[in-house]
Protein chains: 2
Amino acid sequence: MVRTLLLACFLIPSAMAAAESETITTVMKPVAPGVWRVTLGEPEEFTPVSVLRPAAKSEAPGAPPEAEAPPFTSGDIAFHTNARGCVAVLPMDSREQIYGLGLHLRMFNCTGTRKEITVNDHQGDEDGSSHAPVPFYVSTNGYGVYVDTARYARFYCGNLARVPETAPHETGDGKIATTTEELYRNKTLSKKAMTIEVPVAKGVDIYLFAGPDMKSAVRRYNLFSGGGCLPPLWGLGPYYRGHGQFKAEDILALARRFRDTKMPFTVFGLEPGWQTQAYSCSYVWSPERWPDPAGFIGEMTALNYNLNLWEHAFVHPTSPLYEPLRPLSGDYEVWKGLVPDFSLPRAREIFGGYHEREFVKQGVTGFKLDECDNQPNKKDPWSFPELSAFPSGMDGEQMHCLIGPLYQRMMAEVFERNNLRTFGKVRSSHALAAPLPFVLYSDHYDHRDYVRGLANCGFGGLLWQPEVRNCDSVEELLRRGQTCLFSPQDVYDCWFLKLPPWDQINTEKNNAGERLPEHAELEAKIRQLLEWRMRLVPYLYSAFADYHNHGEPPFRALVMDYPADKNTHDVDDQFLVGPALLVAPLFAGQTERSVYLPAGGWFDFWTGTAFEGGKTHQIKAGLDAIPVFVKEGYAIPLADPVQFITPQTVFNLEVRVYGNAPAAFTLREDDGVSLNPEQNIIELYWAPEKKPVIKRSGNFALERYHVRDWKVMPPQPGTT
Amino acid sequence: MVRTLLLACFLIPSAMAAAESETITTVMKPVAPGVWRVTLGEPEEFTPVSVLRPAAKSEAPGAPPEAEAPPFTSGDIAFHTNARGCVAVLPMDSREQIYGLGLHLRMFNCTGTRKEITVNDHQGDEDGSSHAPVPFYVSTNGYGVYVDTARYARFYCGNLARVPETAPHETGDGKIATTTEELYRNKTLSKKAMTIEVPVAKGVDIYLFAGPDMKSAVRRYNLFSGGGCLPPLWGLGPYYRGHGQFKAEDILALARRFRDTKMPFTVFGLEPGWQTQAYSCSYVWSPERWPDPAGFIGEMTALNYNLNLWEHAFVHPTSPLYEPLRPLSGDYEVWKGLVPDFSLPRAREIFGGYHEREFVKQGVTGFKLDECDNQPNKKDPWSFPELSAFPSGMDGEQMHCLIGPLYQRMMAEVFERNNLRTFGKVRSSHALAAPLPFVLYSDHYDHRDYVRGLANCGFGGLLWQPEVRNCDSVEELLRRGQTCLFSPQDVYDCWFLKLPPWDQINTEKNNAGERLPEHAELEAKIRQLLEWRMRLVPYLYSAFADYHNHGEPPFRALVMDYPADKNTHDVDDQFLVGPALLVAPLFAGQTERSVYLPAGGWFDFWTGTAFEGGKTHQIKAGLDAIPVFVKEGYAIPLADPVQFITPQTVFNLEVRVYGNAPAAFTLREDDGVSLNPEQNIIELYWAPEKKPVIKRSGNFALERYHVRDWKVMPPQPGTT
């Protein structure tokens, strides 16, 4: 289907004679089912689409239906250039709510705000900067807008008021405010618009994603990006990362201890100390700390750990990569290291090829890319300046937007050419990131804000992990661990702790070897959380299959599924996981909280207690429990916990059924590690007083899932 | 003297082939004694110099001597343009320290930092934004650099490292850091540069100010700007501002109470409630709250108050100025109000003319311009966007930089054409501001940061007032009052307090009419502080005369006078006032503090105790005292306190002399209110065992100063 619409755009001159707007005709072109590209002015050479060249996955089964028309009609978009760059004005009505524009940890609903989407590791700012400043937003009116720019664009989400053409009939309120809150409150505007300023550029491609609903628009964006990533099965098990100064023997001792004590970690991460030099990086095993890398990898593999290596993209002069990458790098150093231009195939060959030979072929299955973000505006700033020049022709601003995705793509490709999947960590991402098998993280470390990240990440093709390390209290440790359990990656990132945090939560005491008196009891509680993570692996893997095939975000805010329900519009302390689970974490100091359940039937995940939807409930939960609710109509497969995950692992499932309505679930079964196409689909179906159905179809040989039991959770009287 | 130097500039192409730098010849032109302009590329049409057109005051007696050569030689400045704008790289050596770049409240020494000089009222950010982002910096090496731009330029003050031409001999330190502080610490670079990125512009004029020393460079900048402002004499007395919802009768009652209780306020400020509408503004007296403006002004004048009116620049539709200013305003509203383009003479005529007729000619002697800054990056942003277009052709970014100075200049000119001086308050300023008779203020309200503002303001032709209002403790009230006493404007800004803060420090209790038990005692202490302010008026007036005539900042950091002394480089909790006073405020919770006294002799201002310079002293001070030190060689004239200041006021002086060295001081005597040139210079001279000398010269008729006594402060044994 190739259909071309003509869009009349109003070209507003930057000077004041705006009355004489010139009308130009701009091509609006369909580029995928329900996706249109509008070219405004002359777009820049380097943009996420031009550099990353996403392979749209629009024909996958289960894709949203083709939309008849774009969300806006011709003439709805105003555009002009000025000395600063260019400005596009898109429609907004006075009721619609806007979400997205990056992985904001301290902000949620974007309506009425200004976002300047810069790359910034400092999450105290509330200016729109984030680890992943994605120029995509989605509306409760059921459409999405992607602005294809690698610039620090500004989005004024319905908070600007143009001087009216005729003098307003305004009598004034005569009220004199005496607090800054009153004075500065953003007046609700009767006439709204989304005003987007792209600096530097004299034009921009804007992609419009039809709905019909909010989640469909997000799915179309994710499918346009290439579909969501599918992690290896082991990637959904728990991760542990050891102290940065550990030696091989320290890591091995802890790895053996976890096996001895039945702490079911599937991934072990090495922090900077594995290298001879960091910051910046040599990418060379330290002969003092790691005298026998091959032996070490062999031992870790024999213990059934997947191994993940910390690094960053900045190449220290002592690295073997320094000389070959020198002519392929930017003109400014970061921590004395080169910044390779990963948009150049030759730079990817050198960096990726080295990683392939030295690490991936030796058994390393993942990487953590640290500090690929930026810290521009603190007293002690780091990373390359925006004025940097790169050999491709990109400048530092563009590279800050794209270095994260470029690195992720390069490393994903290294694994792909070895027919392997990976699931790493990264501290910067941007547009079109759904297919990239990396999860974002931060040093911000505020639990409340980390939960907000789980609500926000689904708006922009992002994954986010609210990792655990030191804590102020045992309560906080458990509350954080509970949140992690229901997150894309369940990570204990103990890069400055010698003992695991359940031995000691306080950093100084931990590193002095002083254990908590209750460490054994706490270890048992953390073990229980890790085992719960293992129970959830089949459920999560299916949620990721939906992400992969249909662009459905596995972690997302309530509003995405219930945009018409105003009560969801500002809910950023609850989130949805997969098709059926609603999670409402508790924070240290809380013994209860209010939980909003959207319309429909809901059940307490742990007890089966029924809850009425469409209202707010006050939920009490002991220190060992996190409020989780199951949506009516879904069966939840829970695996008997395993100690680790290998391609041979078989999961014995207890399928839980809630309430009396028929319940179903679909599992994906495959080898869990490769790109081989063989797979089975297992449809689970239960209805009252009928024999449960298990229907397996496909061409994958191993039966990874074995349903050992169906458990009907007792329906109990609801609470208010 | 017209001498033209040729400066060879290296034009670095923005792409990577930087090796083939093109060498262009750029004209370096002397524009004032010791001031050179370097034109790089093609500067923009709208800059502070092109818009504000400063009248350089370079020939004043006492100006720094003409410098033989500019601080940099040809070829020292690299320049290139790129898609983002342009970049200039200026020399820096590894030891010099950089100051300035705006009124930073939370940062001081700029060395090693990045500053993005945007207009921002939110002082929690440490990104270089401020109420006055002045593109001027000064170095301990004794030169200043002014970048003539109204853009949000970025200054990388010696913290960028280019990839070296040849691979470095780097062995690495092999150290693995495990705290973010260690990891992100800015490594001291052996090779430094000042890298300046100006967005949008394809060129920029840079002005170089010779020393020979740091303060001379600053003086040259201030003289280039037109010389420092000379406040009216009354402007140096204490200010009080009443509650925003007060009516005329409330103001009058409080004004009478202050006269009855001998609280010597010279200026009374009205907050928003005087207008029919605020925010935005009608500029019309409220008939409910101010039924008889002329009668009110008459009564206040009879009570010997100068009257200051709050306003902002945003014109509400109900204002008589709305229709005439509509075609002369930007295309976006702020709080429903127009943003007039004050760069247009017609807009200034309408706005300034109205203010002249309605207020100045009726007896109002000053204004406070609120919210002329910006709050771009919070959840609830306000002010016009940078993408705004103004009829002059300026955009919103340029207007944000210039609206503060343009307003100040317009209002100063209104007073000037009435042969009057004024001394107002403003919340935004920028380059070339020294002649503007306004003092910057903030809502940030952190006492420690406010003292830092007093240290920072002198670097950039700015004045700053650390105003007092509500407080957490009586101690804090007194400590803040002490700081105010030694500041450009001694203001009690009680815009949301019904009672004066010495009646009640807590906002809620204050507005409920609940007085502190110790209010009478506290009132006496505040009275004492206000009387001390009155004592200091002659000294301060002379300091401002030095600012006016010679560009010498009346309030400044220690490092400006002692740049070679490394101990001063980071001192931002002490400051210098005028030629002879060093002030080291205490903060709530402190009973003592360390004070660094630079080399030379110093004396306790209050007791005369001698202190050795070149070392740090631990100073104890009771709640009623603020540590202040007098530099050897200066006599300090102190006036007997008066209740208010009129053109007829005569000050009876006690001249204090400290130590045994000869001591001198110069006073300026004039009518204190007009621009009339008549003035006297009074030279005071004292030497041990000689008769003190008072030498008056000039053509001003009134003897404003009468020396009633010379007091030799007893030299006492120094403390350590």
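A few points on the structure. (Residues numbered from 1 in each chain as written. Chains lettered and ligands numbered in written order. Predicted model: local features only at pLDDT ≥ 70, side-chain atom pairs only at ≥ 80, totals over all residues. Heavy atoms only, no water.)

1. Comments concerning the overall build of chain A
Working step 1: If you tally the helices and strands in chain A, you get 13 helices and 33 strands.
Working step 2: Considered along the principal axes of its C-alpha atoms, chain A spans approximately 75 × 70 × 60 Å.
Working step 3: Partitioning the intrachain contacts of chain A with sequence separation of at least 6 by distance along the chain shows that 72% fall at a separation of at least 24.
Working step 4: Just so you have it, chain A exposes about 23300 Å², and 50% of that area is on carbon and sulfur atoms.
Working step 5: When the 70 positive and 87 negative side-chain charges of chain A are each reduced to one mean point, those points stand 2 Å apart. (Helix = DSSP H or I, 4+ residues; strand = E, 2+ residues; numbered from the N terminus. Contact = heavy atoms within 4.5 Å. Areas by Shrake-Rupley, 256 points an atom, 1.4 Å probe, with all protein chains shown as cover. Lys, Arg positive; Asp, Glu negative; His and termini not counted. Charge placed at Lys NZ, Arg CZ, Asp CG, Glu CD.)

2. Here's the deal with the nonpolar core
Generally speaking, a soluble globular protein has its nonpolar side chains buried in company with each other.
Working step 1: With 188 residues, the main nonpolar core has F296, F351, F486, Y492, W502, L581 and F605 of chain A as its most contacted residues.
Working step 2: Broken down by element, this core gets its largest block of residues, 13 residues, from helix 12 (residues 519-550) of chain A.
Working step 3: By size, the runner-up hydrophobic cluster in this structure holds 187 residues, among which are F268, L402, L463 and A580 of chain B. (Core = buried A, V, L, I, M, F, W, Y, C linked by side-chain atoms within 4.5 Å. Buried < 20%, exposed > 50% of the residue type's maximum accessible area, 1.4 Å probe, protein only.)

3. Details of the relation of the copies chain B and chain A
A rotation about some axis, followed by a shift along it, carries one copy of the chain onto the other.
Working step 1: Of the transformation superimposing chain B on chain A, the axial component is 0.0 Å and the angular component is 180°, with the fit at an RMSD of 0.0 Å. Taken together, the turn and the small shift mark the pair as related by a two-fold rotation axis.
Working step 2: The overlap is high: 100% of the interface residues of chain B also sit at the interface in chain A, so the same surface is used on both sides. (Least-squares fit on C-alpha atoms with pLDDT ≥ 70 in both.)

4. Some words on the interface of chain B and chain A
Working step 1: On the chain A side, the residues contacting the 93 residues of chain B number 94 residues.
Working step 2: Between chain B and chain A lies a buried interface of about 7600 Å² when both sides are counted; carbon and sulfur atoms form 56% of it.
Working step 3: Our count for the chain B to chain A interface comes out at eight salt bridges.
Working step 4: One salt bridge connects R154 of chain A with E386 of chain B, and the closest N-O pair in it is separated by 2.8 Å.
Working step 5: On inspection of chain B and its partner chain A, the count reaches 17 residue pairs in polar contact (both at pLDDT 80 or more).
Working step 6: Counting residues per element, the ones that place at least two in the side of chain B that touches chain A are strand 10 (154-157), helix 2 (180-184), strand 11 (193-199) and helix 6 (322-325) of chain B.
Working step 7: Looking at the side of chain B that touches chain A element by element, the count peaks at three residues for helix 2 of chain B.
Working step 8: Among the residues making up the side of chain B that touches chain A, the classes are represented as 35 nonpolar, 26 polar and 32 charged. (Buried area = accessible area lost by both parts, 1.4 Å probe. Salt bridge = Lys/Arg side-chain N within 4 Å of Asp/Glu carboxyl O. Polar contact = N/O pair within 3.5 Å; in protein donor to acceptor, adjacent residues only side chain to side chain. Nonpolar A, V, L, I, M, F, W, Y, C, P; charged D, E, K, R; others polar.)

5. Observations regarding the sheet that holds strand 24 (residues 601-604) of chain B
Residues and elements named next belong to chain B.
Working step 1: If you walk across this open sheet you meet the six strands as 20-21-22-27-24-25, and the pairing is antiparallel. The open sheet has two edge strands, strand 20 (555-556) and strand 25 (610-612), and neither has a second partner.
Working step 2: With two bridges joining them, strand 20 and strand 21 (residues 575-577) adopt antiparallel strand pairing. Bridge assignment links R556 to a residue of strand 21, and that residue is L576. (Pairing = 2+ DSSP bridges.)

6. Here we look at the packing of helix 4 (residues 248-260) of chain A against helix 5 (residues 293-302) of chain A
Residues and elements named next belong to chain A.
Working step 1: One can describe the packing of helix 4 onto helix 5 by two numbers: an axis separation of 11 Å at closest approach and a directional angle of 5°. Considering the angle they form, helix 4 stands roughly parallel to helix 5. For the pair helix 4 and helix 5, contact is made by A248, I251, L252, A255 and R256 and by F296, E299 and M300, respectively.
Working step 2: Tallied by class, the residues present in the contact of helix 4 with helix 5 amount to six nonpolar, no polar and two charged. (Axes fitted to C-alpha atoms, helices over the stretch in contact; angles between N-to-C directions. Parallel < 35°, antiparallel > 145°, perpendicular 65-115°, else oblique.)

7. Quick notes on the pattern of salt bridges
Working step 1: Inspection of every chain in the model, using the stated rule, returns 110 salt bridges over all chains.
Working step 2: Among the salt bridges present, the one from R556 of chain B reaches D561 of chain B, with a minimum N-O distance of 2.8 Å.
Working step 3: Residue R556 of chain B is classed as buried on the basis of its relative accessible area of 1%.
Working step 4: One salt bridge in this structure joins D640 of chain B and R708 of chain B, with 2.7 Å as the shortest N-O distance. In this pair, D640 of chain B sits in the loop between strand 28 (635-639) and strand 29 (651-658) while R708 of chain B sits in strand 33 (residues 705-713), placing the two residues 68 residues apart along the sequence.
Working step 5: Judged by its relative accessible area of 24%, D640 of chain B falls in the partly exposed class.
Working step 6: Salt bridges linked by common partners bring D121, D370, E371, D373, R427, D443 and R469 of chain A together as one network.

8. Some details on unusual backbone geometry
Working step 1: In this structure, Y279 of chain A follows A278 of chain A across a cis peptide bond, with omega equal to -20°.
Working step 2: Looking at where Y279 of chain A falls in the secondary structure, it is placed in the loop between strand 14 (267-270) and helix 5.
Working step 3: Of note, the bond from Y279 of chain B into S280 of chain B is cis; its omega dihedral lies within 30 degrees of zero at -15°.
Working step 4: Of note in the backbone geometry, L432 of chain B takes a positive phi value of approximately 60° without being a glycine.
Working step 5: Here L432 of chain B is to be found in the loop between strand 17 (424-426) and strand 18 (438-440).
Working step 6: Its relative accessible area of 4% is what places L432 of chain B among the buried residues.
Working step 7: Of note in the backbone geometry, E689 of chain B takes a positive phi value of approximately 60° without being a glycine.
Working step 8: Mapping E689 of chain B onto the fold places it in the loop between strand 31 (680-686) and strand 32 (693-698).

9. A word on the environment of R533 of chain A
Residue and element names in this part refer to chain A.
Working step 1: The residue R533 is located in helix 12 in this model.
Working step 2: The exposure class assigned to R533 is buried, which follows from its relative accessible area of 0%.
Working step 3: Each C-alpha atom, one on R533 and one on H706, is 18 Å from the other, the two residues being 173 residues apart in sequence.
Working step 4: When near neighbours in sequence (up to four residues on either side) are disregarded, R533 contacts L236, G237, P238, C484, L485, F486, S487, P488, Q489, D490 and L540.

10. A look at the sheet that holds strand 32 (residues 693-698) of chain A
Residues and elements named next belong to chain A.
Working step 1: Ordered by their spatial adjacency, three strands build an open sheet running 30-31-32, and the pairing between neighbours is antiparallel. For this open sheet the edge positions go to strand 30 (663-669) and strand 32, each flanked by a neighbour on one side alone. For this sheet the average axis-to-axis angle between neighbouring strands, irrespective of direction, equals 15°.
Working step 2: Where strand 30 lies against strand 31 (residues 680-686), seven bridges are found, and the strand directions are antiparallel. Each residue of the ladder has a partner; that of R668, found in strand 31, is I681.

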